[in-house]
Amino acid sequence: MSRPEDTLPPDLHYNDTEARKYTTSSRIQNIQASMTHRALELLHLDEPSLILDIGCGSGLSGEILSSIPESDGGPHMWVGMDISASMLDIALQRDVEGDLMLADIGQGVPFRAGSFDAAVSISAIQWLCNAESSEVSSTGRLSRFFNSLYASLKRGGRAVCQFYPKNDQQRTMISSAAIKAGFGAGILEDDPGTKNAKLYLVLTVGGSAEEGAGGDITGVVEGMEGVDVLDARRKHKEKGRRDIKKGSKAWILSKKEQMERKGKVVKNSSKYTGRKRKITF
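Residues numbered from 1 in each chain as written. Predicted model: local features only at pLDDT ≥ 70, side-chain atom pairs only at ≥ 80, totals over all residues. Heavy atoms only, no water.

Chemist: Help me understand the sheet that holds strand β6 (residues 184-190), please; the structure alone is not making it clear to me.
Modeler: Neighbouring strands of a sheet are bound in pairs by backbone hydrogen bonds; such pairs are parallel or else antiparallel. Read across the sheet, seven strands follow the order β3-β2-β1-β4-β5-β7-β6 without closing on themselves; strand pairing throughout is mixed. Across the chains shown, the open sheet's two edge strands, defined by having one partner strand only, are β3 (99-102) and β6. Across the sheet, the mean angle from the axis of one strand to that of its neighbour is 15 degrees, orientation sign disregarded. Inspection of the sheet shows strand β5 (residues 153-163) paired to strand β7 (residues 198-204) by six bridges, in the antiparallel sense. Residue pairing in the sheet places Ala-159 in a bridge with Leu-203 of β7. Of the strands in this sheet, β1 (50-54), β2 (77-82) and β4 (116-122) are in contact with helix α4 (residues 60-67), which crosses β2 at around 175 degrees. (Pairing = 2+ DSSP bridges. Helix = DSSP H or I, 4+ residues; strand = E, 2+ residues; numbered from the N terminus. Axes fitted to C-alpha atoms, helices over the stretch in contact; angles between N-to-C directions. Contact = heavy atoms within 4.5 Å.)

Printed below as a string of structure tokens:
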């Protein structure tokens, strides 16, 4: 079965028909509610907060945010952004309580710095890994999204993004982009090894995974015995910074990586990258 991300861009895939089908499906409603409640658990919000709902669609997750009782720290206020006009139109018809914005998260989160206490995203950010043309860089879209999301959250804020990566490469691409933007990041997997497996990217602003319970930024390992947390970033810290000679292959690759993070389109590297040419007369 093909993935929707592989067929059309999200604004074209979720047309009026697909948007209504998605919203009225009782199965999708139950799954969406379950994942939203799980994301809220990982956010650890103990008081009403202003939350950014990334890829809010027709407001299924937003309804959960608005319905959290006071005893559980709610209800929360929220602002939703989505690229599908059809999805947002249905959200307006359903009279959801949050404010809505038509926007492409791959172009960045267009809010003032420190606007939100937290952010949630359900089944949205994997769309950023798909470049619709050779002029569009998925690395650049991820970079713009995470850099602007980092800026829009208050110091100490959290974001939880549930996503469906196509493969390990996409999983690494997404988490690496978040870490490069400055987030402390951890990935939690529910029901691993089953068809119902769910991945949650847990992000913090102004903190690192090492400040959590033994390096666990998700907050679910604390109190468990015989559980180790693997933090891949420690390997890079132990190696330290090496002096890179200007003009060398390592220097060129580093510069190309910087350009990709800025959203620039760069040529693919090869075995000839950084190789000096012979002088001919």
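From this point, the narrative continues.
Chemist: Looking at this structure, I do not really get the pairing of β2. What am I missing?
Modeler: Where burial is concerned, most of β2 is hidden: five out of the six residues are buried. Inspection of the sheet shows β1 paired to β2 by five bridges, in the parallel sense. For Leu-50, the partnering residue across the bridge sits in β2 and is Met-77. Running through α4, the crossover from β1 to the neighbouring parallel element β2 is right-handed. (Buried < 20%, exposed > 50% of the residue type's maximum accessible area, 1.4 Å probe, protein only. Right-handed = clockwise from strand over helix to strand, strands pointing away.)

Chemist: Honestly, the packing of aromatic side chains in this entry has me stumped. Any pointers?
Modeler: The relative placement of two aromatic rings is captured by the distance of their centres and the angle of their planes. One pass over the full model with this rule turns up six aromatic pairs. Aromatic side chains Tyr-14 and Tyr-22 sit 5.8 Å apart centroid to centroid with 85 degrees between the ring planes, which places their arrangement in the edge-to-face category. In textbook terms, an aromatic cluster arises when at least three aromatic residues are bridged by ring pairs, as seen for Phe-145, Phe-146, Tyr-150 and Phe-183. (Phe/Tyr/Trp six-rings, centres within 6.5 Å; stacked < 30°, edge-to-face > 60°.)

Chemist: Mind showing me how you'd approach the layout of surface pockets here?
Modeler: If a probe the size of a water molecule is rolled over the atoms, the empty space left behind becomes visible. Each pocket or cavity is described by its volume, and for the second largest pocket that value is around 1,000 Å³. Looking at the second largest pocket, it is lined by 33 residues, and the ones nearest its centre are Pro-4, Glu-5, Arg-27, Ser-123 and Tyr-164. Here the lining of the second largest pocket is composed, by residue class, of 13 nonpolar, nine polar and 11 charged. (1 Å grid on protein atoms, 1.4 Å probe; cavity = no way out; pocket = protein on both sides within 12 Å on 5 of 7 lines; lining within 4 Å. Points joined across faces, edges and corners; volume = space filled by probe spheres on them. Nonpolar A, V, L, I, M, F, W, Y, C, P; charged D, E, K, R; others polar.)

Chemist: In this structure, what is going on with the pattern of salt bridges? I would like to understand it.
Modeler: Pairs can form between side chains of opposite charge whenever their charged atoms are close. Per the stated rule, a full pass over the model turns up eight salt bridges. The network of salt bridges with common partners includes Arg-38, Glu-41 and Asp-190. (Salt bridge = Lys/Arg side-chain N within 4 Å of Asp/Glu carboxyl O.)

Chemist: I tried to follow empty space enclosed by the protein on my own but got confused; where do I start?
Modeler: Enumeration according to the criterion identifies one cavity of 30 Å³ or more in this entry. Of the volumes computed, that of the largest cavity is approximately 340 Å³. Gly-55, Asp-82, Ser-123, Ala-124 and Trp-127 are, among the 24 residues lining the largest cavity, the residues nearest its centre. Here the lining of the largest cavity is built from residues that sort into 14 nonpolar, six polar and four charged.

Chemist: Help me understand the nonpolar core, please; the structure alone is not making it clear to me.
Modeler: The tendency in soluble globular proteins is for nonpolar side chains to be buried as a group. Counting 30 residues, the largest nonpolar core has Ile-125, Phe-145, Phe-146, Leu-149, Phe-183 and Leu-201 as its most contacted members. Looking at this core, the elements with two or more residues in it are β1, β2, β4, α6 (138-152), β5, α7 (168-180) and β7. With near-sequence residues (within four places) excluded, Leu-149 lies in contact with Leu-52, Ile-54, Val-109, Ala-119, Ala-159 and Phe-183. (Core = buried A, V, L, I, M, F, W, Y, C linked by side-chain atoms within 4.5 Å.)

Chemist: Sorry, what's going on with the environment of Pro-165 here?
Modeler: Structurally, the position occupied by Pro-165 is in the loop between β5 and α7. Sequence separation between Pro-165 and Ile-125 is 40 residues; the distance between their C-alpha atoms is 8.9 Å. With residues near it in sequence (within four places) discarded, Pro-165 still touches Arg-3, Gln-170, Arg-171 and Leu-199.

Chemist: Explain unusual backbone geometry here, please?
Modeler: The phi angle of most residues is negative, glycine excepted, and most peptide bonds adopt the trans form. Of note, the amide linkage connecting Gly-74 to Pro-75 takes the cis form, showing an omega dihedral of -10 degrees. Residue position: Pro-75 is located in the loop between α4 and β2. In this model, Asp-95 sits at a positive phi of 55 degrees, which is unusual for a non-glycine residue. Here Asp-95 shows up in the loop between α5 (85-93) and β3. Judged by relative accessible area, which is 63%, Asp-95 ranks as exposed.

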